[in-house]
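Breakdown of the fold
Chain by chain, the residues:
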Amino acid sequence: MKAEEGRSVEERYTQWKSLVPVLYDWLANHNLVWPSLSCRWGPQLEQATYKNRQRLYLSEQTDGSVPNTLVIANCEVVKPRVAAAEHISQFNEEARSPFVKKYKTIIHPGEVNRIRELPQNSKIVATHTDSPDVLIWDVEAQPNRHAVLGATDSRPDLILTGHQENAEFALAMCPTEPFVLSGGKDKSVVLWSIHDHISTLATEQGPTKSPGSTGTSSKHASKGGGSNDKPVGGPSIGPRGIYQGHEDTVEDVQFCPSSAQEFCSVGDDSCLILWDARAGSTPAVKVEKAHNADIHCVDWNPHDINLVLTGSADNTVLMFDRRNLSSGGVGSPVHKFVGHSAAVLCVQWSPDKSSVFGSSAEDGILNIWDHEKIGKKQDTAGLKAPNAPPGLFFQHAGHRYWVPYSLLSKESIELLMFLMHEICQKEHLYAAYTYFTG
């Protein structure tokens, strides 16, 4: 059975590779030494005639022979209608792309499970590892490190405390205020404000003042039942609020795009919860049984604050309108998107078009959807198959292993997709774009 599945995956990949010049206007493949659990677009650094330069954050999960790392890279993104079809059709799967250049390496205390950037300050990123704490890094002030056996961990510029058990994945930054949101195994959603520390991180610490270059080993037992190590020393702050309402691990959190006081969370209890910090620490709305299994991910539409997406281990993506939500009972989604054959790990709205979003899953597929196309005669702009699921208009199938996180970045009129791909303990980074045609 496994051999048959393996052949099926290889056949799908071979077919996808043959269609690359047709599907994409540009594609870059970058082979990494280690698998990556998280990746994230940073700010655009430069605009040129034929290509733009964009910051890229990714992690390296090692086998212990060298430390785990947080990698800051710069990616050159070729502009539309510049690359030749012959060029993108002949990419080398085992090579490192000349378009991706490593800028800095931070030796991370533990594997990097999630990366988020602070919208108010492009130098500041937050990371989750297997510990109760959220780690804050000034990527410009942190020194460049060499990941060799025995090297001490870099020390974060700020540590956010408040969880009583490991908080591994649920992490969000507020688009309107320097607030950080996290969820963990303690079933809690925790909120911090780092406003008082922003000026220190951004202006007072030069490259020689960062704590990352010196210090003792960062290892000692985590508090509150956590099973991993956490860094020692450096400034830390406690939470502004702790919110209780979930009955199992909180898997993902997201701020309302227009309010620092409103946010949502999902978890292994199959619940979608909307919170309002002004109303206290209990749920504003709790939708029980929003899915038929664990909910892994959530995203809030930046263009229409009434629409919320969730992705689940039941292989589906649901779109909710918060105006129609009520506590208790089974959730009533606006639409159910069925296009994955395994657990959905990530959903994200397009920053460019209000009706478009992406979803990625353990089936190795990244789907691009447009909910406005549902019910129309030509349902698919990128897919012409008559049996294509409603709303699905493009499918990226260039992966032979599960796609942990997919990130959509606004770059002129194109959709920029960044995908991580693990094959035989090798990691591939794909950057590609296609046009919205509807």
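Cut-offs and rules
- Residues numbered from 1 in each chain as written.
- Predicted model: local features only at pLDDT ≥ 70, side-chain atom pairs only at ≥ 80, totals over all residues.
- Heavy atoms only, no water.
- Pairing = 2+ DSSP bridges.
- Helix = DSSP H or I, 4+ residues; strand = E, 2+ residues; numbered from the N terminus.
- Axes fitted to C-alpha atoms, helices over the stretch in contact; angles between N-to-C directions.
- Contact = heavy atoms within 4.5 Å.
- Buried < 20%, exposed > 50% of the residue type's maximum accessible area, 1.4 Å probe, protein only.
- Polar contact = N/O pair within 3.5 Å; in protein donor to acceptor, adjacent residues only side chain to side chain.

1. Some details on the sheet that holds strand β24 (residues 356–361)
Spatially, the 4 strands line up as an open sheet ordered β23-β24-β25-β26, and their pairing is antiparallel. With one partner strand each, in any of the chains shown, β23 (344–349) and β26 (392–396) form the two edges of the open sheet. The mean angle between the axes of side-by-side strands here comes to 20°, regardless of whether they run parallel or antiparallel. Pairing of strand β25 (residues 366–370) with β26, which is carried by 4 bridges, proceeds in the antiparallel orientation.

2. Observations concerning the side chain of S312
Relative to the elements of secondary structure, S312 occurs in strand β20 (residues 307–312). In contact with S312, other than residues within four places in its own chain, are H291, A293, D294, I295, H296, A343 and V344.

3. Some words on the sheet that holds strand β6 (residues 114–118)
If you trace the 5 strands from one edge of the open sheet to the other, you get β6-β7-β8-β9-β13, paired in mixed fashion. The open sheet has two edge strands with one neighbour each: β6 and β13 (236–237). One ladder, built from 3 bridges, connects strand β8 (residues 134–138) with strand β9 (residues 158–160); its direction is antiparallel. Its bridge partner lying in β9, I136 is registered against L158.

4. Some words on the environment of S193
Note that S193 resides in strand β12 (residues 188–193). For S193, a relative accessible area of 18% corresponds to the buried category. Along the chain, S193 and E177 lie 16 residues apart, while their C-alpha atoms are 8.1 Å from each other. Discounting residues that sit within four places of it in the chain, S193 has contacts with P178, F179, I237 and R240. From its side chain, S193 meets the backbone nitrogen of H195 in a polar contact 3.5 Å long.

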